[in-house]
Every structure is written in C-alpha cells, then in structure tokens.
Amino acid sequence: PPLVFSGVQPTGNLHLGNYLGAIRKFVALQDNNDCMYCVVDLHSITAQLVHEDLPGQIRSIAAAFIASGIDPKAHIIFNQSAVPQHAELAWIFNCVARIGWMNRMTQFKDKAGKDRENASLGLLAYPSLMAADILVYRATHVPVGDDQKQHLELTRDIAMKFNLDYQAHIRKGGKGIDITVGEEPVHAYFPMVEPMIDGPAPRVMSLRDGTKKMSKSDPSDLSRINLVDDAETISRKIRKAKTDPDGLPSEVEGLAGRPEADNLVGIYAALADRTKAEILAEFGGQQFSVFKPALVELAVNVLAPITGEMSRLMGDTSHIDAILRDGGERARARAETTMREVREIIGFLQ
Ligand code: TYM
C-alpha cells in the first residue's frame, strides 16, 4: 500500500485548521494506506519553547491523533526525536539543498521577520528536516494544509537533486526506482512526494478576518476554535465570527469575494465530509442567523467526543508514552533500512 507520512508540531493548542487541514485527513487515509504520523518535536525547538511544557505538548498531539481515530497498532504514531535518522538525513540534505532555496521560503521569511541575521540556523534549515522526515521512509503521500505546499515542493527539489547528484551510485546499488522527469528516465532513490492538499478546507481562515489564516499565533483567541474548547466556547466563537450582511449563495461561484462566508461554508463541508456545493444546495438563500447555529451544532458534535477522549487519554500518560515508544521503535527500524542504503550511496564506511 502507498506510504503516507505527515507531521504536526507540538507547539501550543491544536486548532480547527490543524484538525481539518491535517488530522481529519490522516484518519480518512488509514483504510487503504500504510500511515506514519509524527509529532515533530525537533521542528518545534526552532521556536522559543518552555522546557516544562514540551513533554505535555508532545503527548497532547499524540492524544489528538488517537482521540481523532488513528489506530496506533495498524499504523505508526511516534515522536520525531525518537528516530535520530531524521536528523542524520537532514544533515545530508543540508549539503544537497542550497541556501537560496531556503531563503525563498515564505514561512521562513514570516517567522524570521526583519532581523534575519539573528534567526536560528535551524529555522532556515527547517524544510530540510521536513524533507528528511518524509524521505527517510521514502513516503510518497503527504496530507497537509495549504500552508505547507511550498515546503513539499522543496522536498521534491531536494529529492531530485540528491537523485541526480548520486545517480551513478544509485544505479550501481540497484536500490532505486525508475521514474521519468519531464522526458528523462531517472533511476531515483527518493520518490517525488505527492502533496495531498485537497478537500473543502485546505486553508481554514481566522474567524475574525477571512483573509488571514487561522493560526496558533493569532493574539485573538476568538480568531480560532481550539480542540480543547468546550461547547459553550465553540458556540460563542462561531456566533461572533465575522460575516458579511448577505445570505448564503446557492452556488460555489457566489462565494467569490466573500472570504468569511467561503470559510464558514468550507468548515461546515469539511466537518460533514461533504462538498461546499452540497452545503450550499442545502443552505443557499438562508441567512447566517440560520447557518451559524447549524454550524455550531455540527462542530460540537464532531469536536466534543475528540476533546473528551483527549482529556481522558491525558489523564494517564503511561498509555500515550507506551504508544509513542512502540511507534518510535517501529519507525526506527524502517528509517535505519533507508539510512544504510543512503550511507552506502554516499560512500560512508559502515
Ligand atoms: P504545523 O504543526 O504548523 O501544522 C500541522 C498541520 O496543520 C495544517 N494547518 C492548517 N490547515 C488548514 N488551515 C489552517 N489554518 C492550518 N494551520 C495549520 C498544516 O498545514 C499542517 O499540515 N512543517 C509542518 C510540520 C511537519 C511536516 C513534516 C508535515 C514537519 N515535518 C513532514 C508534513 C510532512 C508544520 O509546521 O505543521
């Protein structure tokens, strides 16, 4: 079966954007794929973190995966630092990727701000580690939100440059796969990853401003629905969500130029596993005073069981820790298989 890989950073609370853009898709992919879902703790230290909070944050992402319905026995849930091969391959990719590629990343530019000289080297090299996360398993399918698209394009660039730089040794070892790039046949060691960004809510926007992404770092808590919010809070945030004065259109085209309406319809569709067109066929012509209560009910019905299960799981951390330990062990065995071949391709003695 195709190998699916994705990661979530253990920084702060998960929000509806993380759930709809990523975790809900992780759950849906389990039936037909071999899935690996990773709490990317190495990535999280590119931001200022409080040492005391990190273990709990790592566990709470694992808890969210499990509470959302990911089966840790049939698939693999683990934390990144448990598999040192991620960092090893990232170093190799640091020597493949170019500084210019990293400098062009919009997320780096946003996070580094004006004082780029003082950004950590880790923040600059962040996408190199992300490429290593995926390619150390030679995974092919990566479900993410729209904001990760550029990073996945870079992952393909890194894979391609590695494949071309080491072409002769990859052929000699016979461990590669034949792919075509344009018209060129290439014996590739690393596959070209397929981003999975589809669905009705690839980019969940702030509830206060339909032109800004819903994010952990927005100072206004009203801008996002957190996975830990209770029913009352979810209801208040949706009721206060910004909208325009018109009712809902009956067709998707009618959402153009109405970012807030588009966002709420997308959220509804994603929570209901339906399309925006289907939602508009039902609610077209109605006012937000009708749509918002329906959205509240749906959001609470979907999120409350997850929130409840998360807090139950967090009550006994030994269960989560055992899952992470087991997942880490299985992931390490897979990653080491790749790294033996990579070391061989590069020419390291082992
Ligand atoms: P992170 O931890 O910021 O976010 C986790 C996932 O949530 C998605 N997401 C959103 N989707 C829709 N609307 C939003 N407003 C929204 N906000 C966040 C993200 O796209 C992501 O899928 N670099 C990654 C973590 C990572 C990773 C990887 C992902 C590290 N290695 C390898 C895939 C493969 C990140 O910071 O995600």
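Note that the structure is predicted; figures quoted are calculated from it, not measured.

Cut-offs applied
Residues numbered from 1 in each chain as written. Predicted model: local features only at pLDDT ≥ 70, side-chain atom pairs only at ≥ 80, totals over all residues. UniProt positions renumbered as here; feature names shortened; annotations may be inferred. Helix = DSSP H or I, 4+ residues; strand = E, 2+ residues; numbered from the N terminus. Core = buried A, V, L, I, M, F, W, Y, C linked by C-beta atoms within 7 Å. Buried ≥ 20, exposed ≤ 12 C-beta atoms within 10 Å, placed from the backbone. Domains from an automatic or database assignment. Contact = placed C-beta atoms within 7 Å. Near = placed C-beta within 6 Å. Nonpolar A, V, L, I, M, F, W, Y, C, P; charged D, E, K, R; others polar.

Student: Help me understand the UniProt feature "short sequence motif: 'HIGH' region" (unreviewed entry) in the protein chain, please; the structure alone is not making it clear to me.
Tutor: When the UniProt feature table is mapped onto this chain numbering, "short sequence motif: 'HIGH' region" (unreviewed entry) sits at residues 10-18. With 33% helix and 0% strand, the stretch residues 10-18 has end C-alpha atoms that lie 12 Å from each other.

Student: How do you make sense of the nonpolar core when you look at a structure like this?
Tutor: Most often, soluble globular proteins have nonpolar side chains that are buried together. Counting residues in each nonpolar core, the largest one holds 97 residues, and the members touching the most others are Met 36, Ala 62, Phe 65, Ile 77 and Ile 267. In this structure, this core is formed jointly by two domains, domain 1 (3-199 + 317-346) and domain 2 (221-313), each of which donates at least three residues. Beyond its immediate chain neighbours, meaning those up to four positions away, Ile 267 contacts Leu 16, Leu 20, Ala 201, Val 204 and Leu 295.

Student: What's the story with the site of the ligand in this structure? I'm lost.
Tutor: Neighbouring residues of the ligand: 24 residues in total, closest Gly 7, Gln 9, Gly 17, Gly 21 and Gly 145. If you list the elements that add at least two residues to the shell around the ligand, you get strand 1 (3-8), helix 1 (16-28) and helix 7 (121-135). In terms of residue class, the shell around the ligand is built from 10 nonpolar, 10 polar and four charged.

Student: Please clarify how the domain arrangement of the protein chain should be interpreted in this entry.
Tutor: For an interface, size is often stated in terms of accessible area lost upon the parts coming together. When its domains are assigned, the protein chain resolves into domain 1 (3-199 + 317-346) and domain 2 (221-313). When each unit is reduced to the centre of its C-alpha atoms, the spacing between domain 1 and domain 2 is 30 Å. Between domain 1 and domain 2, the residue contacts involve 16 residues of the former and 11 residues of the latter. Listing elements by their share of the side of domain 1 that touches domain 2, those giving two or more residues are helix 1, helix 3 (54-68) and helix 14 (317-346). When residues in the side of domain 1 that touches domain 2 are grouped by element, the largest group, six residues, is from helix 3. Residues that form the side of domain 1 that touches domain 2 fall into these classes: nine nonpolar, six polar and one charged.

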